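Reading the structure
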Amino acid sequence: MKILITGSNGMLGHDLVEVLKGSHELVLTTSKTLDITDEKQTLDFITDSKPDLVINSAAYTDVDGCETNQELAYDVNGEGVKNLSRACKEVDCPLVHISTDYIFNGKNTRPWVEDDEIGPISVYGKSKLKGEEYIQETLDKYFIVRTAWLYGMNGKNFPKTMLELAENHSQITVVYDEVGTPTYTPDLAYGISKLIETDYYGIYHLTNSGNCSWCEFARYIFEMAGVDVEVIPVTASEFARPAPRPSYSVLENKKWIENGFEPLRSYKDAIKEYIELIK
Ligand SMILES: NC(=O)c1ccc[n+]([C@@H]2O[C@H](COP(=O)([O-])OP(=O)(O)OC[C@H]3O[C@@H](n4cnc5c(N)ncnc54)[C@H](OP(=O)(O)O)[C@@H]3O)[C@@H](O)[C@H]2O)c1
């Protein structure tokens, strides 16, 4: 297939390229070559390149930054996705779009399923939800893939931050009352590569298996890296950040499993591999 990938320089974009380049013809774009907030450029670019599939891994992902740069958040995560949807409609190709656990309000006591009620509590979550809505209004052939707590080689992320902090701190405070599923971008990219071989369109939750709090995750990272640091648990309200986060955002990969795909490996196995690679 000829696959156009937006945000190909990003953390997930980088691994999508790695996973897909052997078996597909890729058209790679960055914000410099295709600014998805530019309606005309997006339409022209996609009608000229005529892809069989578009994967949108571009987004404004700074969750706290979205609170102060609201216009940018809605432009990239909402209008940008609208522009992509319209362009895909024009050339009749499916769109794979990456969304987030932050479209839920976090007030659940069991993992969220795809058709649970949505209720984002941050600007980032609200802007990402706009993107989902535009796709559903415009297209029949789409995969909306909601994922969570991403980390990979090519970008700023929680495991990297923890290991950097540990270089000059003996104690680190980490939030214990937010629970989710850390997800390794090469595993997610692999999942997406399987999904696009099908026409099982719709909304999917896709994460590594298992779940933990940020605090448990930090402890596991240090244990696997053999780093001796004291992790001090704090509540999210003690660790004030500009954007509120859902306190429970574990995503049940229900539709993924129902459609016969294998669950992605456990977050513990994935982070073990990541730490081995960055050591
Ligand atoms: N990170 C997480 O924990 C997480 C969790 C759940 C879901 N997600 C979702 O997963 C997807 C990938 O996330 P990520 O962490 O890999 O993101 P990332 O590393 O921040 O990469 C996003 C990319 O988007 C591109 N971009 C920004 N504005 C653009 C514009 N106007 N036009 C075209 N490209 C633009 C940037 O491109 P340039 O580098 O060229 O400027 C950047 O490389 C996003 O949809 C995100 O919302 C992420």
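Described in the following lines is the structure provided in the data block. Bear in mind that the values here come from a model prediction, so they are computed numbers and not experimental data.

1. Some details on the overall build of the protein chain
Scanning the protein chain from N- to C-terminus turns up 10 helices and 12 strands. In terms of C-alpha radius of gyration, the protein chain reaches 18 Å, essentially the compact-globule figure of 19 Å for 279 residues. Dimensions along the principal axes, computed over C-alpha positions, put the protein chain at roughly 55 × 40 × 35 Å. When burial is assessed residue by residue, the protein chain has 47% of its 279 residues classed as buried. Sequence separation of at least 24 residues holds for 81% of the intrachain contacts in the protein chain that already meet a minimum separation of 6.

2. Brief notes about the site of the ligand
Close to the ligand lie 29 residues, the nearest being Gly7, Gly10, Thr30, Ala58 and Ala59. Elements supplying a minimum of two residues to the shell around the ligand: helix H1 (11–20), helix H4 (70–91) and strand E4 (95–100). With three residues, the top contributor of residues to the shell around the ligand is H1. Partitioned by chemical class, the residues of the shell around the ligand number 12 nonpolar, 14 polar and three charged.

3. Observations regarding the sheet that holds strand E1 (residues 2–6)
Spatially, six strands are ordered E2-E1-E3-E4-E5-E10 in an open sheet, and the strand pairing comes out parallel. Pairing within the sheet leaves two strands with one partner each, and these edge strands are strand E2 (25–28) and strand E10 (202–205). Taken over all neighbouring pairs, the strand axes of this sheet differ in orientation by 20 degrees on average, direction set aside. Judged from the four bridges that link them, E1 and strand E3 (residues 53–56) form a sheet pairing that is parallel. What sits directly across from Leu4, in E3, is Val54. Contacts from H1 reach E1, E2, E3 and E4, with the element oriented near 165 degrees to E1.

4. A look at the packing of H1 against helix H7 (residues 185–195)
Between H1 and H7, whose axes approach to 8 Å, the crossing angle comes to 55 degrees. Overall, the two elements H1 and H7 adopt an arrangement that is oblique. Helix-helix and strand crossings are classified by hand; for H1 and H7 the assignment is right-handed. Here Met11, Leu12, Asp15, Leu16, Glu18, Val19 and Leu20 of H1 come into contact with H7, specifically with Thr185, Pro186, Leu188, Ala189, Tyr190, Ile192 and Ser193. Looking at the contact of H1 with H7, its residues break down into 10 nonpolar, two polar and two charged.

5. Points about the packing of helix H6 (residues 158–166) against helix H8 (residues 214–225)
Running from N to C, H6 and H8 point in directions that differ by 65 degrees, and their axes come no closer than 10 Å. Helix-helix and strand crossings are classified by hand; for H6 and H8 the assignment is right-handed. For the pair H6 and H8, the contacting residues are Phe158, Pro159, Met162, Leu163 and Ala166 in the first and Phe217, Ala218, Ile221, Phe222 and Ala225 in the second.

6. A closer look at the environment of Val229
Of note, Val229 is situated in the loop between H8 and strand E12 (230–234). By the C-beta count within 10 Å, which is 19 here, Val229 ends up partly exposed. Through-space distance from the C-alpha of Val229 to that of Leu165 is 9.7 Å; in sequence the pair is 64 residues apart.

7. Describing the nonpolar core
With 75 residues, the main nonpolar core has Leu16, Val54, Cys88, Leu95, Val145 and Ala218 as its most contacted residues. The element contributing the most residues to this core is H8, with seven residues. Discounting residues that sit within four places of it in the chain, Leu16 has contacts with Ile5, Ile55, Ser57, Ala189 and Ile192.

8. Quick look at helix H2 (residues 39–49)
Those residues of H2 that sit buried are Thr42, Phe45 and Ile46. Looking straight down H2, one finds its buried side chains confined to an arc of 90 degrees; they lie on one side. Among the exposed residues of H2, those pointing more than 90 degrees away from its buried face are Lys40, Thr47 and Asp48. Buried residues along H2 sit in contact with E1, E3 and H4. Looking at the residues trailing H2, positive phi occurs at Lys50, about 45 degrees.

9. Some details on the environment of Val81
Relative to the elements of secondary structure, Val81 occurs in helix H4. It is 8.0 Å that separates the C-alpha atoms of Val81 and Asn56, two residues lying 25 residues apart in sequence. With sequence-adjacent residues up to four places away left out, Val81 is seen in contact with Asn56, His97, Gly131, Tyr134 and Ile135.

10. Describing unusual backbone geometry
A positive phi angle, near 45 degrees, is found at Lys50, a position not held by glycine. Considering the arrangement of structural elements, one finds Lys50 in the loop between H2 and E3.

11. Some thoughts on the pairing of E3
Where E3 and E4 come together, three bridges link them in parallel fashion. Pairing of Ile55 across the sheet is with Val96, part of E4.

Thresholds applied
- Residues numbered from 1 in each chain as written.
- Predicted model: local features only at pLDDT ≥ 70, side-chain atom pairs only at ≥ 80, totals over all residues.
- Helix = DSSP H or I, 4+ residues; strand = E, 2+ residues; numbered from the N terminus.
- Rg over C-alpha atoms; globule rule 2.2 N^0.38 Å.
- Buried ≥ 20, exposed ≤ 12 C-beta atoms within 10 Å, placed from the backbone.
- Contact = placed C-beta atoms within 7 Å.
- Near = placed C-beta within 6 Å.
- Nonpolar A, V, L, I, M, F, W, Y, C, P; charged D, E, K, R; others polar.
- Pairing = 2+ DSSP bridges.
- Axes fitted to C-alpha atoms, helices over the stretch in contact; angles between N-to-C directions.
- Parallel < 35°, antiparallel > 145°, perpendicular 65-115°, else oblique.
- Left-handed = near helix turned anticlockwise from the far one by under 90°.
- Core = buried A, V, L, I, M, F, W, Y, C linked by C-beta atoms within 7 Å.
- Arc of directions from axis to C-beta.

Everything listed is a geometric property; what it means functionally is a separate question.
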